[in-house]
Amino acid sequence: MQNVIVTGNSRGLGLAISRRVAADPRFRLIGLSRSLSPDYQALIDAAPERVLHLPFDAADTAAIPGLVKGLTETHGPVWGLVNNAAIGMDGVLATMHATDIQKALKVNLESPIVLAKYVSRSMLSARQGRIVNISSIIASTGFHALSVYAATKAGLEGFTRSLSRELGKRGITVNAVAPGYMETGMTAGIDEHNLAMIRRRAPLGLPTPEQAAGAVMYLLGEDAARTTGHVITVDGGSTA
Ligand code: NAP
């Protein structure tokens, strides 16, 4: 069985990815998040031998080496890492608290980098593996009051490209998926005017978390064995 870690598995896109991974008998799913949601618990109940949850706070990057060591000792090398956990952090930069800026950088950027660092060690030994970083179209389009969030996602895309060069020779792919606006907890507070504008920009309609999860599954699967250093955009055509 191939171990696949999904961070931020409890709801939204992470839950949609978890459902797809859990449905594939090739994979053992290891969900990492702060809370164990009833939806994810249902996945565990349906396949307890293949679906696990470990408590994880992405803001606590110092705990990552021990967490990865423990799970690889128990379950073996990691095949796939999906860096999905993130916080929205909207607000005008001039009035944003320094602690909020630091938290967004920590959870959205530093934590995925540190996780990739420790998880890639077992991938390097196995000479195989898949790292998928969840970005956003905001990394390249920009959006009012999302400058810090955009910086974290653009950083993640730069990280993806360079790491793909570093790990490619050892059979490990590193890619990103950039969804457009999806209806999840992260976007629940958006005002109607902005939502209408975002909808108008997407000729195909806005993507669902399930559709973005499909791109992640492609990158985890055999067909993507020669795809690395890329960003797959799933945005209903908004940025075409
Ligand atoms: P969401 O509904 O708010 O879910 C966020 C997930 O991340 C939750 O499972 C949460 O779990 C986890 N998380 C948050 N802070 C965490 C922390 N400190 N430690 C560990 N886990 C943490 O968000 P979403 O919309 O599904 O977003 C998923 C990904 O898609 C993110 O990378 C986001 O940037 C990206 N994205 C979203 C949209 C959108 O429109 N929604 C668009 C483009 C990209 P716990 O609270 O249980 O820890």
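See above for the structure.
Rules and cut-offs
- Residues numbered from 1 in each chain as written.
- Predicted model: local features only at pLDDT ≥ 70, side-chain atom pairs only at ≥ 80, totals over all residues.
- Heavy atoms only, no water.
- Helix = DSSP H or I, 4+ residues; strand = E, 2+ residues; numbered from the N terminus.
- Rg over C-alpha atoms; globule rule 2.2 N^0.38 Å.
- Buried < 20%, exposed > 50% of the residue type's maximum accessible area, 1.4 Å probe, protein only.
- Contact = heavy atoms within 4.5 Å.
- Areas by Shrake-Rupley, 256 points an atom, 1.4 Å probe, with all protein chains shown as cover.
- Lys, Arg positive; Asp, Glu negative; His and termini not counted.
- Charge placed at Lys NZ, Arg CZ, Asp CG, Glu CD.
- Pairing = 2+ DSSP bridges.
- Right-handed = clockwise from strand over helix to strand, strands pointing away.
- Core = buried A, V, L, I, M, F, W, Y, C linked by side-chain atoms within 4.5 Å.
- Near = heavy atom within 4 Å.
- Polar contact = N/O pair within 3.5 Å; in protein donor to acceptor, adjacent residues only side chain to side chain.
- Nonpolar A, V, L, I, M, F, W, Y, C, P; charged D, E, K, R; others polar.

### Some words on the overall build of the chain
Phase 1: Helix and strand content of the chain: eight helices and seven strands.
Phase 2: Radius of gyration (C-alpha) of the chain: 17 Å, near the 18 Å computed for a compact globule of 240 residues.
Phase 3: For the chain, the C-alpha atoms occupy an extent of roughly 50 × 35 × 35 Å along the three principal directions.
Phase 4: Within the span of the chain, comprising 240 residues, buried residues form 51% of the whole.
Phase 5: When contacts within the chain are restricted to residue pairs at least 6 apart in sequence, long-range pairs at least 24 apart make up 72% of them.
Phase 6: As presented, the chain carries roughly 11,200 Å² of accessible surface, and 54% of it is formed by carbon and sulfur atoms.
Phase 7: With 23 positive and 19 negative side-chain charges, the chain shows a separation of 8 Å between the mean positions of the two kinds.

### A look at the pairing of strand β3 (residues 51-55)
Phase 1: Relative to β3, strand β2 (residues 27-33) is paired through five bridges, and the arrangement is parallel. Note on β3: the bridge partner recorded for Leu-32 is Leu-54.
Phase 2: Taking the sense of rotation as the criterion, the β-α-β connection linking β2, helix α2 (residues 38-46) and β3 turns out right-handed.

### Focus on the nonpolar core
Phase 1: Formed by 32 residues in total, the largest nonpolar core has its most connected members in Ile-5, Leu-81, Leu-115, Val-119 and Ile-131.
Phase 2: When residues of this core are assigned to their parent elements, the largest contribution, nine residues, is made by helix α4 (residues 98-126).
Phase 3: Formed by 30 residues, the second largest nonpolar core is a distinct cluster that contains Val-21, Leu-43, Ala-47 and Ala-212.

### What about the site of the ligand?
Phase 1: Neighbouring the ligand are 31 residues; Ser-10, Ser-35, Asn-84, Tyr-149 and Thr-184 lie closest to it.
Phase 2: In the environment of the ligand, an oxygen atom lies 2.8 Å from a nitrogen or oxygen atom belonging to the backbone of Leu-13.
Phase 3: Burial of the ligand by the surrounding chains reaches 96%, relative to a free accessible area of 890 Å².
Phase 4: Of the residues assigned to the shell around the ligand, the class counts are 14 nonpolar, 13 polar and four charged.

### Some details on the environment of Gly-76
Phase 1: Take Gly-76: it is sitting in the loop between α3 (64-75) and β4 (78-83).
Phase 2: Distance in space between the C-alpha atoms of Gly-76 and Ser-122 is 8.3 Å, their sequence separation being 46 residues.
Phase 3: Aside from chain neighbours lying at most four places away, what touches Gly-76 is Asn-3 and Leu-71.

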